Amino acid sequence: DALPICRVIGASKIARDISLRLQIEAENARSKELLQAEARALTTLNAWSLNLWSCRSLAEGLDSVLDALIALVAADMGNVQLFDGHALRFVARRGFDDAFETFFARVQATDESACARVLRTRGRVLIQDVETDAAYAPYREVARRAGYRTVLSLPLLTGQGELLGVVTVHFRRVRTLTEAELSRMDLYVRHASDFIQRCRVEEALVEADQRKDQFLAVLAHELRNPLAPIRSGVQALRLSPPDSPIRDTALAILDRQATHMTRLVDDLLDASRIRSGKIALQKKRIDLNEVLSQVVENCRSTIDEAGHDLVVEMPPEPIVLEADPIRLTQVIANLLNNAAKYTPPKGRIVLAAKSDRRFAQVSVQDNGTGIAADKLASVFGMFAQLDQTLQRAQGGLGIGLSLVKALVELHDGTVEAF
């Protein structure tokens, strides 16, 4: 028998919108990729950090910092500058010549280069295109010669927000950096800042230890020097008759050397008292001009022996202030005696005082041997020594300026060397 003919009399279908599911799956895949990328980045950061802390010097560590940041964002060149309290100075560079470093040798906060803006703002600075950034116009020709278009500068900061320096990376083409890249760079920079601080602490400890050794050597020498003439004087007293003129000479020697040793011991005691906070000022209302006159009288013999010309510049009206006259005399006498000792014979010394009704200012100026620029910041430190030959020739322990600084600061003042 023939099969019956089938006819389609209708149809049905079910449709489901899976676009949301596909979107969620795509987002999950992207999130997974991002997490994996972050995990790889953290692993790389950890490995680099371990390598950084194994560096044997600050210079070696900063080279590592610069190389890591250039690699992190595929930059073409870069540099690291440290802040010396006044300006930035280069300590590492990649891809730049000497002319570039010379041009940016002393960056000031008032400049408009990327690192100068960091110096001013203490924050990250990104110049997307140096050709279109109006403020960057003074540096555009330098950028063209060096061959970069995008600049990113990041601050090296202490935990208290103080600027240690700036790291800058450069790109030959206009480059857009993602937030993830910038965040990773911030992590690297924080590690670099910690490393710089550790290096500086270690350097300061080594330097302090060396200063202490030098100080002890000078102390031994200075205390030993008077012993020979004292022993000679004692021997002369023993051997000479009571009415001999030799006795007067011997007594003068003993008195001079005993005074010298007393001054050394007094300086040591004052240094110890200041370090332990045991010096208390006996303040009262005084006329600064009278103190200066007394100091000049006390130091006159030292100045005259060297044949120096002393010029004293004081205002005709009194400068009245609250101060400890004995300690203030000690401060100014120390400075005046230093000027006399370290100025060649027949030099010129100027002692001046003035007041702006808020502060009294005293200055001691001479035309002597001077102080090297790189030593100016350290001359007021405890155990600080400059030229050892000169120091030894003139005598003294090298702690006088640290006493000056401490006593001035106890008076709520400041002292500087130029």
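Before reading on, note that the structure itself is shown above.
Because the structure is predicted, anything quoted here is derived from the model rather than measured.

### Notes on the layout of surface pockets
In this approach a probe as big as a water molecule rolls over the atoms, and the regions it shows empty are the leftover space. The volume enclosed by the second largest pocket comes to roughly 440 Å³. Residue lining of the second largest pocket: 16 residues in total, with D84, H86, A373, L376 and A377 positioned closest to the centre. Looking at the lining of the second largest pocket residue by residue, the classes come out as 9 nonpolar, 1 polar and 6 charged.

### Description of the packing of aromatic side chains
In total, this model carries 9 aromatic pairs according to the counting rule given. Plain terms: the ring middles of F103 and F104 are 4.9 Å apart, the flat faces sit at 75° to each other, and that makes the pair edge-to-face. Overall, the relative accessible area of 42% leaves F103 in the partly exposed class.

### Remarks on the pattern of salt bridges
By the definition in use, this model includes 16 salt bridges. For D133, the salt bridge is made with R117, and the minimal N-O distance between the two is 3.0 Å. Taken together, the residues D133 in the loop between strand 3 (125-127) and helix 5 (140-146) and R117 in helix 4 (residues 114-121) connect sequence positions 16 residues apart. A single burial state applies to D133 and to R117, both of which are buried. A salt bridge links E181 to R175, with the nearest nitrogen and oxygen atoms 3.1 Å apart. For E181, a relative accessible area of 16% translates into the label buried. In the salt-bridge network here, residues are joined through shared partners; they are E112, R117, R120 and D133.

What counts as what
Residues numbered from 1 in each chain as written. Predicted model: local features only at pLDDT ≥ 70, side-chain atom pairs only at ≥ 80, totals over all residues. Heavy atoms only, no water. 1 Å grid on protein atoms, 1.4 Å probe; cavity = no way out; pocket = protein on both sides within 12 Å on 5 of 7 lines; lining within 4 Å. Points joined across faces, edges and corners; volume = space filled by probe spheres on them. Nonpolar A, V, L, I, M, F, W, Y, C, P; charged D, E, K, R; others polar. Phe/Tyr/Trp six-rings, centres within 6.5 Å; stacked < 30°, edge-to-face > 60°. Buried < 20%, exposed > 50% of the residue type's maximum accessible area, 1.4 Å probe, protein only. Salt bridge = Lys/Arg side-chain N within 4 Å of Asp/Glu carboxyl O. Helix = DSSP H or I, 4+ residues; strand = E, 2+ residues; numbered from the N terminus.

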